[in-house]
Amino acid sequence: MRTSIGSHSAPIRAIDVDSGGRYAVTAAEDKTAGVWDLKSGKLLKVLRPPMGPGNDGKLYAAAITPDGAMVAVGGWSADNDVYLFDRASGALRHRITGLPDVVTQLVFSPDGKTLAIGLWGVNGVRLFGSDSAWHSSRETGSDNHYEGAVSGAKFSGDGARLALASTDGLIRVYKVAQHSLTLMNSNRPAQGRQPFGVAWSADDTLLAVGFSNSASVSVLKADTLELAYVPSAAGIPGGGLNAVAWTRDGRELLAAGTWRRTDHLNGIRRWQERGTGAANDESIASNSIVGIHALPDRRVVYASAEPAWGWLESTPSGYANHSFGSALADFRNARDTFRLSRDGGAVAFPLHRNGGSGGVVGFDVVQLQWTTPQAQWKPSSAGKAPMVVADWFESTMPTMNQRRIVLNEAELSMTVAVAPNNAGFALGTSQHVRYYNANRKELWRVAAPGTTWQVNISENGRWVVAAFSDGTLHWYAAQDGSEQLILYAHPDGRRWVLWSPSGYFAAGPGSEDLMGWHLNRGKDLAADFFPASRFRGNFYRPDVIAKVIEMGDIQQAVRLADADADRKPRTEVAGVALPPVVEILAPLGEVSTSKADVTLRLVIRSPNDAPVLSVRVRVNGLLQPETRLAGSPDTSGAFGREITVKVPADDSEIQVFAENRNGVSTPAVVPVKWSGARPRDTTPGNSARNDLSLAPKLYLLAVGMSKYRNASYNLDFAAKDAADFSEAMALQKGSLYRDVEVKVLTDGKATKDDVLDGLEWLKREVTSRDVGILFLAGHGLNDNAGNYFFLPYDGNPEQLLRTGVAQNDIKLALNSIAGKALFFIDSCHSGNALGTAKTRGVVDVNAVVNELASAENGVIVFAASTGRQFSREAPEWGNGAFTKAVVEGLTGKADFRKTGIVTHKALDFYVAERVKELTNGQQSPVSITPSGISDFPIALVKR
């Protein structure tokens, strides 16, 4: 299982761009490559080569053909492979294998038909050519007379020469003719011992060389490799300038690397006059810059080891830095704030991205929610007599009581924690988490998923908790080092996912797809990745996760949770019950069309024992008529299929899903760029103002339960909430909506049958032009298996299946709505008083929120609270806090730009802040929008 957070989770090691400046490709130690749009910065594809344990699969090199059609990546693998991917589809087309060592450099020739591969050790360079668009290749040249690894590689602009840098200190230039490789010249620049980056000038007469061990750049004469000049390094106190590039017109020379400026950020230097003129410096990253490229439009693209990438763009006031930073919390320099509760079940840590600033937050892995750090939680200690660990920070020779602790070669000690009773200590390093007894004997070690920035031991001595550079926190049993829990906490302070190595997980709203399963399909095929949401039915087990701290072992937690829920023990793993995979064969990438119909050619793979049952299509989140597959799969279990999809006269997004008995696939996505005539006014809300016949119709089912058949369940304002929300939406008749139809069910008129009839009405009436809204306020419950039920007037908590409105009933109604679907949910199960505010008690709504907001269901969900939080109501508000904020937002408070329009994203922002204000931060509402749905108006403000 791995995180999938929309950015890299380990250092980027390479970046390349196509000649037209349309795409960038990055390769990282997280074993993935990213393909990015250089207009928007959007992630277009994640390329997933096969991988194995440990270092197997880490990527150190990447290249994209000048036409942007193919991507090559390589690094550390069992067979020292280079993988050739189709950029648009992400399909693995070819594998170059059997190389003698780790791949360090990749570069395509200007015609895209030759690939140079630089290698680790003393294995030099290999040249491969292809006349089949890289569906096959052959070796055409090599040189293994090296004494160090290849650290830089670049073809000249005409493709006739190849320049290589090596850690043996030499710069080599080869002649490339008829796909052969002949050494022309070599030289050892005096400005640094380890040349790294190389770059040809625009006219191929000069060769710039950067150094990893020196804040210097050499400019050599390309024909002789003699020194031409050395650009000024004045003002650069140290570090390396390992990345070099020229602007496309050749007027500026650029360099960056490990050099840090006085603001503690890594900078880029730009020399005028081909490197002989004045220099300008810009700060761009908080970690080493690993590559820079100049684009035709004069932007400069860079990547850093944060991991992050971005570009510098010239503006009238200087250079603007458009950075696409990592989504990782930065645990460096957090020793005093990385604190644990006594039992290890809650942890405090700083929540900010690399190089940023942010407050310290807490997370409770028993209550499964964010929390406020407590003063009694303890930071880690290096100990005091009789046990003192010293020399432990960035050291190869830490000591315990002045006796050396032996580490691996090149392994750095980074952090330490001594157990409160001096029974032992944990050492976090660049490679491992290690645990020792009081006699300095190593009891266990586990491989670290990244650099170990922090480590701590719970006061009861039961848990070792470590924070890593990949943004995750791990819980290890101190007794034997067995890994029990992994937490990824998103820096946005809202999303989180917590899982066990065996696959059981819990997740906050909108967070399930931050983690998933990587499954290899052999050495010659791209791996599949299944987000955790695809296995929600079998592996979403917050009841299990919440018991791990108490039980000390995931298997014991499973047994206890299964017994509590009267579940039969499971033996399956995720790979046994896979959903389908949909791949678009044509068209590849974005479609530009002026026609209302787009035809897709696709293939659907599904396990042999789970044939595809149906295909469904959504356009901009709206459900299209269901398509059923005809025919039978081929011998591999794959279907070939063409589907014609109707698209609106506007830019849109097509999502294709396939379903088998195991579940629904992740969507195959096709962006559509409309090139035809557009409606006279596509501004949100304006069509309704100009011509009501063009406006949608709104159907609203509002259910509010204040008075139950069993009076002990009664609440004060849930029925009023439903009425007030309905009134606010009814005011939109004749403005945003041509008509509004409302069904309000409260108290005795909201039996289970009444609510189910209302859901059927909503499902039946809403057309593709319309909007359907479901509003529920009252009590909700989870049964022993974690399924959600809304409690109607005649509901009985002891007979939920018979008397409650099930999560599945709600889902089937909402995901069948042909138009836009929104769900407002404010429900819990207790009516206990808490101060002056009544509490609509504790029910975990995360599961129903995540399921309905999955892309295949297409429902925008507004939830009054998250996880197990209380939902509050009070007389001074006259409503629940959530409904009060929603109604305020709909009637104008969420119109931040004073345009007269309230969109669902603006409402989300207003409600989130307003509810926190009303409840003094004790309630955190959340809104989740499925992928593919753009922001749209849900109310117009009458002035």
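See the structure printed just above.
This structure is a prediction, so every number in the text was calculated from the model and none was measured.

A few words on the sheet that holds strand β29 (residues 318-324). With antiparallel pairing, 4 strands are arranged side by side in an open sheet as β26-β27-β28-β29. Looking at the sheet topology across the chains shown, the edges are occupied by β26 (289-294) and β29. Direction aside, the axes of adjacent strands within the sheet are offset by 20° on average. Here β26 runs beside strand β27 (residues 300-304); their pairing, made up of 5 bridges, is antiparallel. Residue histidine 293 lies in a different strand from β27, and its bridge partner there is valine 301.

This part covers the packing of helix α7 (residues 752-765) against helix α9 (residues 807-814). Where α7 contacts α9, the two axes come as close as 8 Å, and the packing angle between them is 20°. The angle between α7 and α9 falls in the class roughly parallel. Relative to α9, the crossing made by α7 is left-handed. Together, Leu756, Leu759, Leu762 and Lys763 of α7 and Asp809, Ile810, Leu812, Ala813 and Leu814 of α9 make up the contact between the two elements. Here the residues of the contact of α7 with α9 are counted per class, giving 7 nonpolar, no polar and 2 charged.

Within the element layout of this structure, aspartate 81 appears in the loop between β7 (70-75) and β8 (82-86). On the accessibility criterion, aspartate 81 (3% relative accessible area) is buried. Taking the C-alpha atoms as reference, aspartate 81 lies 7.7 Å from valine 103; in sequence the two are 22 residues apart. Those residues in contact with aspartate 81, other than ones at most four positions away along the chain, are Val73, Gly74, Gly75, Arg95, Ile96, Thr97, Gly98 and Val103. Separated by 3.1 Å, the side chains of aspartate 81 and tyrosine 83 make a polar contact. Within the structure, aspartate 81 has its side chain in polar contact with the side chain of arginine 95 (distance 3.0 Å).

Moving on: the packing of helix α11 (residues 881-893) against helix α12 (residues 904-918). Look at α11 against α12: their axes get within 9 Å of each other, and the N-to-C directions meet at 135°. Of the possible angle classes, the one that applies to α11 and α12 is oblique. Helix-helix and strand crossings are classified by hand; for α11 and α12 the assignment is right-handed. Of the residues in α12, those in contact with Ala881, Phe882, Lys884, Ala885, Val886, Glu888, Gly889, Leu890 and Lys893 of α11 are Leu907, Tyr910, Val911, Arg914, Val915 and Leu918.

Across the 6 residues of strand β42 (residues 452-457), 5 count as buried, placing the element largely inside the fold. The pairing of β42 with strand β43 (residues 463-468) spans 5 bridges and is classified as antiparallel. If you follow asparagine 456 over to β43, its bridge partner there is valine 465. What sits between β42 and β43 in their antiparallel hairpin is a turn of 5 residues, with glycine 461 showing a positive phi close to 75°.

With that out of the way, let us pick up the pattern of salt bridges. If you walk through the whole model with that rule in mind, you get 46 salt bridges. Close ionic contact of arginine 298 with glutamate 252 constitutes a salt bridge, the shortest N to O distance being 3.1 Å. Highlighted residues: arginine 298 in the loop between β26 and β27 and glutamate 252 in the loop between β22 (243-246) and β23 (253-260), separated in sequence by 46 residues. Taking relative accessible area as the criterion, arginine 298 reaches 42% and is therefore assigned partly exposed. The exposure class of glutamate 252 is buried, given its relative accessible area of 3%. With its nearest N and O atoms 2.8 Å apart, the salt bridge here joins arginine 605 to aspartate 528. Highlighted residues: arginine 605 in strand β52 (residues 597-605) and aspartate 528 in strand β49 (residues 528-531), separated in sequence by 77 residues. With respect to burial, arginine 605 and aspartate 528 carry one shared label: buried.

Basis of the calculations
Residues numbered from 1 in each chain as written. Predicted model: local features only at pLDDT ≥ 70, side-chain atom pairs only at ≥ 80, totals over all residues. Heavy atoms only, no water. Pairing = 2+ DSSP bridges. Helix = DSSP H or I, 4+ residues; strand = E, 2+ residues; numbered from the N terminus. Axes fitted to C-alpha atoms, helices over the stretch in contact; angles between N-to-C directions. Parallel < 35°, antiparallel > 145°, perpendicular 65-115°, else oblique. Left-handed = near helix turned anticlockwise from the far one by under 90°. Contact = heavy atoms within 4.5 Å. Nonpolar A, V, L, I, M, F, W, Y, C, P; charged D, E, K, R; others polar. Buried < 20%, exposed > 50% of the residue type's maximum accessible area, 1.4 Å probe, protein only. Polar contact = N/O pair within 3.5 Å; in protein donor to acceptor, adjacent residues only side chain to side chain. Salt bridge = Lys/Arg side-chain N within 4 Å of Asp/Glu carboxyl O.

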